[in-house]
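# Fold and geometry: a report
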Amino acid sequence: MNIRIGYGIDVHRLEVGIPLFLGGIQIESDLGAVGHSDADVLLHAICDALLGAANLRDIGYHFSDTDPQFKGIDSKILLDRVMKLVIDKGYSVGNIDCTVIMERPKLNPHIPEMQEVIAKILKVDFDAVSIKASTHEKVDSFGESRAVKAYAACLITS
Ligand code: MG
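The paragraphs below set out a description of the structure included in this document.

Thresholds applied
Residues numbered from 1 in each chain as written. Predicted model: local features only at pLDDT ≥ 70, side-chain atom pairs only at ≥ 80, totals over all residues. Heavy atoms only, no water. 1 Å grid on protein atoms, 1.4 Å probe; cavity = no way out; pocket = protein on both sides within 12 Å on 5 of 7 lines; lining within 4 Å. Points joined across faces, edges and corners; volume = space filled by probe spheres on them. Helix = DSSP H or I, 4+ residues; strand = E, 2+ residues; numbered from the N terminus. Pairing = 2+ DSSP bridges. Axes fitted to C-alpha atoms, helices over the stretch in contact; angles between N-to-C directions. Contact = heavy atoms within 4.5 Å. Core = buried A, V, L, I, M, F, W, Y, C linked by side-chain atoms within 4.5 Å. Buried < 20%, exposed > 50% of the residue type's maximum accessible area, 1.4 Å probe, protein only. Polar contact = N/O pair within 3.5 Å; in protein donor to acceptor, adjacent residues only side chain to side chain. Phe/Tyr/Trp six-rings, centres within 6.5 Å; stacked < 30°, edge-to-face > 60°. Salt bridge = Lys/Arg side-chain N within 4 Å of Asp/Glu carboxyl O.

## Re the layout of surface pockets
Its volume calculated, the largest pocket comes out at about 230 Å³. Taken together, 13 residues form the lining of the largest pocket, with His36, Ser37, His44, Phe63 and Asp65 sitting closest to its centre. The set of elements that each furnish at least two residues to the lining of the largest pocket consists of strand S1 (3-16) and helix H2 (59-62).

As structure tokens, this is what we get:
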């Protein structure tokens, strides 16, 4: 069995009055993430982790943030396309482990729904998708709710 690891990191700026998409779902919040797509920082980090594990470059290589076809796109579509690339290269996902750094809103009540959505796209069991929520202790841009960051690690096998 060929076992490979990958990791991904993403950051988006937060602004008042725009929708917040995270982990493939919309979350009620006074702050939303700014981006060319729907700015789902968690799904973008997962995309980069999977692409890295399969040595398929990065999310910006496949989905340019200046290409009008990706303007406002649902990042679940991007993750689904990444999974197709990973599968085409002969791999399947073992598990992923992620952390989202965000001061507010509290993410824990939303994590099971995110796990369900992501597991379906990655074609894995619910138990193979770990999502952790953390804050930045009110320090720096993340702690001051000016930005959101996500980390993702994954294991793929062939
Ligand atoms: Mg991004």
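Don't stop here, the text continues.
## Considering the sheet that holds strand S7 (residues 147-157)
Reading across from one edge, S4-S1-S7-S5-S6 is the order of the 5 strands in this open sheet, with mixed pairing throughout. Strands with a single pairing partner mark the edges of an open sheet, and in this sheet they are strand S4 (31-33) and strand S6 (129-134). Strand after strand, the sheet turns through a mean of 20° between neighbouring axes, direction not considered. Pairing of S1 with S4 involves 3 bridges; the strand directions are antiparallel. Paired with Val16 across the bridge in S4 is Leu31. Packed on one face of the sheet, helix H4 (residues 111-122) meets strand S5 (92-101) and S6 and runs near 145° to S6.

## Points about the nonpolar core
If you look at the biggest cluster of nonpolar residues, it comprises 51 residues, and the most contacted ones within it are Leu22, Leu42, Ile46, Leu50, Ile96, Ile118 and Leu122. Top element by residues in this core is helix H1 (residues 41-53). It accounts for 10 residues. Beyond its immediate chain neighbours, meaning those up to four positions away, Ile96 contacts Ile46, Ile118, Leu122, Ala128, Val129, Ser130, Ala153 and Cys154.

## Topic: the side chain of Asp40
Locating Asp40 in the fold gives a position in the loop between S4 and H1. Only 2.9 Å separates the side chain of Asp40 from the backbone nitrogen of Gly23, close enough to count as a polar contact. Setting aside residues up to four positions removed in sequence, Asp40 forms contacts with Phe21, Leu22, Gly23, Gly24, Ile25 and Ser75.

## Quick look at the environment of Ala152
As for its position among the elements, Ala152 is in strand S7. Ala152 sits in the buried class, given a relative accessible area of 5%. The spacing of Ala152 and Ile9 is 143 residues in sequence and 6.5 Å in space, taken between C-alpha atoms.

## Looking at the packing of aromatic side chains
All told, the structure shown has 1 aromatic pair when counted by the stated rule. On the numbers, 5.3 Å between centres and 80° between planes, the contact of Phe63 with Phe70 is edge-to-face. Phe70 carries the same exposure label as Phe63, and that label is buried.

## Some words on the pattern of salt bridges
Within this structure, the stated rule accounts for 6 salt bridges. For Glu15, the salt bridge identified is with Arg13, shortest N-O distance 2.6 Å. For Glu15, a relative accessible area of 35% gives the class partly exposed. Judged by its relative accessible area of 46%, Arg13 is partly exposed. A salt bridge links Arg146 to Glu144; the nearest nitrogen and oxygen atoms lie 2.8 Å apart. On the accessibility criterion, Glu144 (46% relative accessible area) is partly exposed.

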